[in-house]
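Here is what each chain is made of, one letter per residue.
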Amino acid sequence: MSSDTSQPSAKPLSRFEQIALAAIVGLSVANAYYIHPIVSEVALTFGVGAGEIGIVPALNQVALAVGILFLLPLGDRYGNRRLTTIFATFQAVCLLMMALAQSFALFTLASTVLGVVTIAPYLLPTYASKRTPPDQLGRITAIITTGMLFGILFARVGAGVIAEYLGWQQVYFLAGGVMAVLAVSLRFLMRGREQQTGVDSGDHAPGEGAQSYFALLGSLWPLMRQYPHAILSGCIQALNFGMFIALWLGLALHLTSPEMGYSVDVVGFLALTAALSMITTPRLGVVADRLGAERARLFLSLVQVGAVALLIPFGNNLFLLLIPIILNGMAGPVLDVSGRMTILRVAPAIRTRLMTIYVVIMFSGGGIASLMATTAYEAAGWYGIAGIAGAFALGCALLSALALKTSAAKANLN
């Protein structure tokens, strides 16, 4: 396996640029997670059951995978600023359609299209990696991942509280407004140009040697064969992400059930536990730099297995549930950081396409988990959710062990 860890030729990101990129990523990624704390309210409005409402987040996640597969490779050809601005505008339109939807079908359609155009959070990490020295890759990736965590936290807490007092439609009105403002602001927030490999970071056309769109798409299969670790990392993250989706959809249904009797704002406030992971993720990202991505990933996956094992005995006590939720919230994001590190350490010219493979597999796992979680809850309640989460966490740990063994074997051969 070849690897290009040369210094980026573009000027390294300033501290302000790092924070700005993290904020852009957070605001963009939040749109997929507003549904989580308000899923029961949306189901009530449209008169659908727990099993049927699961199709909304499921299709959104599958649509994310489709959009990333067909749109993210454009990041190896066109300016990141231009692409991010265009798709942020599309996101704003879809969010407003969701707020105005008068039928479940239209709401689901708008949510699905929203998934297709949500590629900005996955363009920007690759852009940042090309302006980051190799020995700081874990730290910068962790900072951007912290932005994602902030977006998820903002989505869960904000959506729960707003829906409780103003109605869930206002969640999407406000989100659409945020994306509209962001689309206008991006021209000023994202500046500069990457000289390396003909790929630009601003709004300039790529070099004449850039591949066509169809050539970029066609190159994905050969890249998958050349870099099988991208597929393995994607599968590990699919299980990690699937566990996350199943847990939080299950929590929203479980806590608002007649047995538990909590309101949607409590589900939102519970998401404040993610604030701790915003502090720990950058620090653990540095640890991943020191231990190595594969070794750090295995350790964190074992932490998740232990945390998920607590879901059944602690399931009927809100305060005890905080223990597995916090542990998963700390381990999950850094497990993702470790997986991305295995992608972002290869040659810059192919990082966006390898990240495409990684993220498509990840969101496919999220879509499958969305359907499995709501169906399992309808069939077996909280026990069903714990079973699904446990299976995903155990699979993640087993594949992480395989990835470490494979990496060590290749290192010995070299």
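The structure presented is a predicted model; accordingly, all values stated were derived computationally and were not measured. (Residues numbered from 1 in each chain as written. Predicted model: local features only at pLDDT ≥ 70, side-chain atom pairs only at ≥ 80, totals over all residues. Heavy atoms only, no water.)

Tell me about the overall build of the chain, residues and numbers included.
Counting secondary structure elements, the chain contains 17 helices and zero strands. Every one of the 414 residues in the chain was classed for burial, and the buried ones make up 58%. Sequence-distant contacts in the chain: of pairs separated by 6 or more residues, those separated by 24 or more amount to 85%. Carbon together with sulfur atoms contributes 69% to the accessible area of the chain, which is approximately 15,800 Å² in total. (Helix = DSSP H or I, 4+ residues; strand = E, 2+ residues; numbered from the N terminus. Buried < 20%, exposed > 50% of the residue type's maximum accessible area, 1.4 Å probe, protein only. Contact = heavy atoms within 4.5 Å. Areas by Shrake-Rupley, 256 points an atom, 1.4 Å probe, with all protein chains shown as cover.)

A description of the packing of aromatic side chains should follow, citing residues and the corresponding values.
Applying the stated criterion across every chain yields a total of eleven aromatic pairs. Measuring from centroid to centroid gives 6.2 Å for Trp168 and Tyr172, while their planes differ by 80 degrees, and the two rings are edge-to-face. Placement of both Trp168 and Tyr172 in helix α9 (residues 168-189) is noted, with a separation of four residues, approximately one turn of the helix. Of the two residues examined, Trp168 and Tyr172, each falls in the buried class. Between Phe241 and Phe363, the aromatic rings sit 5.2 Å apart at their centres with planes inclined by 85 degrees, giving edge-to-face as the arrangement. Linking Phe241 in helix α12 (residues 228-255) with Phe363 in helix α17 (residues 351-413), this pair joins segments that are 122 residues apart in sequence. An aromatic cluster of three or more residues is present, and its members are Tyr34, Phe46, Phe104, Phe107, Trp168 and Tyr172. (Phe/Tyr/Trp six-rings, centres within 6.5 Å; stacked < 30°, edge-to-face > 60°.)

I'd like to hear about the packing of α12 against helix α15 (residues 293-308), residue by residue, with values.
It is at 12 Å that the axes of α12 and α15 come closest, and there the two elements cross at 25 degrees. With respect to their mutual orientation, α12 and α15 come out roughly parallel. Our pair here, α12 against α15, has a crossing hand that is left-handed. Every residue of α15 that contacts α12 at Ser233, Ile236, Asn240 and Met243 is listed here: Arg297, Gln304 and Val308. Residues of the contact of α12 with α15, tallied by class, amount to three nonpolar, three polar and one charged. (Axes fitted to C-alpha atoms, helices over the stretch in contact; angles between N-to-C directions. Parallel < 35°, antiparallel > 145°, perpendicular 65-115°, else oblique. Left-handed = near helix turned anticlockwise from the far one by under 90°. Nonpolar A, V, L, I, M, F, W, Y, C, P; charged D, E, K, R; others polar.)

Could you give me a rundown of the side chain of Ser111, with the residues and numbers involved?
Topologically, Ser111 is positioned in helix α6 (residues 104-117). In this view, Ser111 contacts Val56, Asn60 and Met98; residues no more than four positions away in its chain are not counted.

I'd like a rundown of α15, residues and numbers included.
Residue pairs three or four apart in sequence face the same way in an α-helix, which turns once every 3.6 residues. Helix length check: α15 (16 residues) gives 22 Å between terminal C-alpha atoms against 22 Å at 1.5 Å per residue, within 8%. Among the residues of α15, those classed as buried are Ala293, Glu294, Ala296, Arg297, Leu298, Leu300, Ser301, Gln304, Ala307 and Val308. (Expected span 1.5 Å × (residues − 1).)

So, the confidence of the model for the chain: which residues are in play, and what are the values?
Counting all residues, the mean pLDDT for the chain is 81, and 84% of those residues have values of 70 or more. Here residues 1-9 is modelled with pLDDT under 50, and outside its nearest four sequence neighbours on either side it reaches 26 contacts, counting other chains as well. Low pLDDT, under 50, characterises residues 193-209; the predicted model gives this stretch 50 contacts beyond four residues in sequence or across chains. (pLDDT = per-residue confidence, 0-100.)

Account for the pattern of salt bridges, naming residues and giving values.
Throughout the structure, instances matching the rule amount to one salt bridge. As a salt-bridge pair, Arg340 and Asp336 come within 3.1 Å of each other at their nearest N and O atoms. Residue Arg340 and its partner Asp336 are both found in helix α16 (residues 318-344); the two are separated by four residues, about one turn of the helix. (Salt bridge = Lys/Arg side-chain N within 4 Å of Asp/Glu carboxyl O.)

Requested: an account of the side chain of Ser301, with residues and values cited.
With respect to the helices, strands and loops of the structure, Ser301 is situated in helix α15. You can call Ser301 buried: its relative accessible area is 0%.

For the environment of Leu247, give the residues involved together with the corresponding values.
By the element assignment, Leu247 lies in helix α12. Assessed through its relative accessible area of 2%, Leu247 is described here as buried. Sequence spacing of Leu247 and Ile388 is 141 residues, and the spatial spacing of their C-alpha atoms is 8.6 Å. Beyond its immediate chain neighbours, meaning those up to four positions away, Leu247 contacts Leu311, Asn328, Trp382 and Ile385.

Describe the environment of Ile279, with residues and values.
Here Ile279 lies in helix α14 (residues 274-291). Judged by relative accessible area, which is 48%, Ile279 ranks as partly exposed. For the pair Ile279 and Thr146, spaced 133 residues apart in the sequence, the C-alpha separation amounts to 8.1 Å.

Please provide a residue-by-residue account of a nonpolar patch on the surface, values included.
The grouping of Val93, Met97, Leu106, Leu109 and Val113 at the surface amounts to a nonpolar patch, some 380 Å² of accessible area in total. Looking at the nonpolar patch, the elements with two or more residues in it are α5 (80-100) and α6. For the nonpolar patch, the element with the highest residue contribution is α6, accounting for three residues. With respect to the secondary-structure elements, Met97 resides in helix α5. (Patch = residues over 30% accessible without salt bridge, like charges linked within 9 Å, V, L, I, M, F, W, Y side chains within 5 Å.)

Outline the nonpolar core, supporting the account with residue identities and numerical values.
Core analysis: the largest hydrophobic core is formed by 109 residues, its most contacted members being Tyr33, Phe107, Tyr122, Tyr172, Leu251, Leu354 and Phe363. Leave out the neighbours within four places in its chain, and Phe363 touches Tyr33, Gln61, Val62, Leu64, Ala65, Ile68, Tyr122 and Phe241. Residues Leu232, Leu300, Val334 and Cys396 belong to the second largest nonpolar core, which totals eight residues. (Core = buried A, V, L, I, M, F, W, Y, C linked by side-chain atoms within 4.5 Å.)

Mind laying out the packing of helix α2 (residues 35-46) against α12, listing which residues take part and the relevant values?
Between α2 and α12, the shortest axis-to-axis distance is 8 Å and the interhelical angle comes to 40 degrees. Put simply, α2 runs oblique to α12. Here the hand of the crossing between α2 and α12 comes out right-handed. Across from His36, Pro37 and Val39 in α2, the residues of α12 making contact are Ile245, Trp248, Leu249, Ala252 and Leu253. When its residues are assigned to classes, the contact of α2 with α12 shows seven nonpolar, one polar and no charged.

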